[in-house]
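Structure at a glance
Each chain, written out:
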Amino acid sequence: MTPDVRPLVAGNWKMNGTRSSLDQIKAMAQGVKGPLSDKVETLICPPSTLLYVATALCDDSPLLIGAQDCHEKESGAHTGDISAEMIADCFGTHVIVGHSERRIDHAETDHLVRAKAQAAYAAELVAIVCIGETADERKGGQTLDILKRQLSGSVPDDANAQNTVIAYEPVWAIGTGLTPTVDDVRDA
């Protein structure tokens, strides 16, 4: 591991959380203070409706706040979307791109994920690029081929340890109660 890169522990709140959740964010911001914060980065990605207030609550904390997605364009007629610039304007530091739910539910391609990561870089955000295989792909012995395709198609050429995090999140483990083993992760 590069000396200036610390492990990242991140939580994606998905479509959960309202203003009543702000006390939880405040408690988490206080809870991550201390000696561990020198060794591990901590990040939560609440829904975009809480982004600005969450960053304000974490102003004196090592807890980082990120967004769950961004549009690949800086601005325009994209109703309901949020740009990387908007995230940075709310003092967000990271953005998740390519989450399997977005790839599946919204038919996002590797090419689009790459464009979103590049938008994150332009806004000086860290792009968390998600990759992972489905249960059928895993059973078919395709895991490494799928991950290789997603990496080569989704990660921009100018990615580095300061602007990109690769999140291996096997689709077969999301919401299923199944957890990848250390060997599964090591193999991937």
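Refer to the structure presented above.
Remember, predicted model here, so these are calculated numbers, not experimental data.

Thresholds, definitions, all that
Residues numbered from 1 in each chain as written. Predicted model: local features only at pLDDT ≥ 70, side-chain atom pairs only at ≥ 80, totals over all residues. Heavy atoms only, no water. Pairing = 2+ DSSP bridges. Helix = DSSP H or I, 4+ residues; strand = E, 2+ residues; numbered from the N terminus. Axes fitted to C-alpha atoms, helices over the stretch in contact; angles between N-to-C directions. Contact = heavy atoms within 4.5 Å.

Here's the deal with the sheet that holds strand E3 (residues 63-67)
Strand order in the open sheet made by the six strands is E1-E2-E3-E4-E5-E6, with parallel pairing throughout. Every other strand in the sheet has two partners, leaving strand E1 (8-12) and strand E6 (164-168) as the edge strands with one partner each. Adjacent strand axes in the sheet meet at a mean angle of 30°, parallel and antiparallel pairs treated alike. In this sheet, E3 lies alongside strand E2 (residues 41-45) in parallel orientation, the contact comprising three bridges. Residue pairing for E3: Ile-44 is matched across the bridge by Ile-65. Its contacts with the sheet place helix H5 (residues 110-122) against strand E4 (94-97), strand E5 (126-131) and E6, and it is angled at close to 160° to E5.

What to know about unusual backbone geometry
Unusually for a residue other than glycine, Phe-91 sits at a positive phi of about 75°. In this model, Ala-107 sits at a positive phi of 55°, which is unusual for a non-glycine residue. Looking at the element boundaries, Ala-107 is found in the loop between helix H4 (100-105) and H5.

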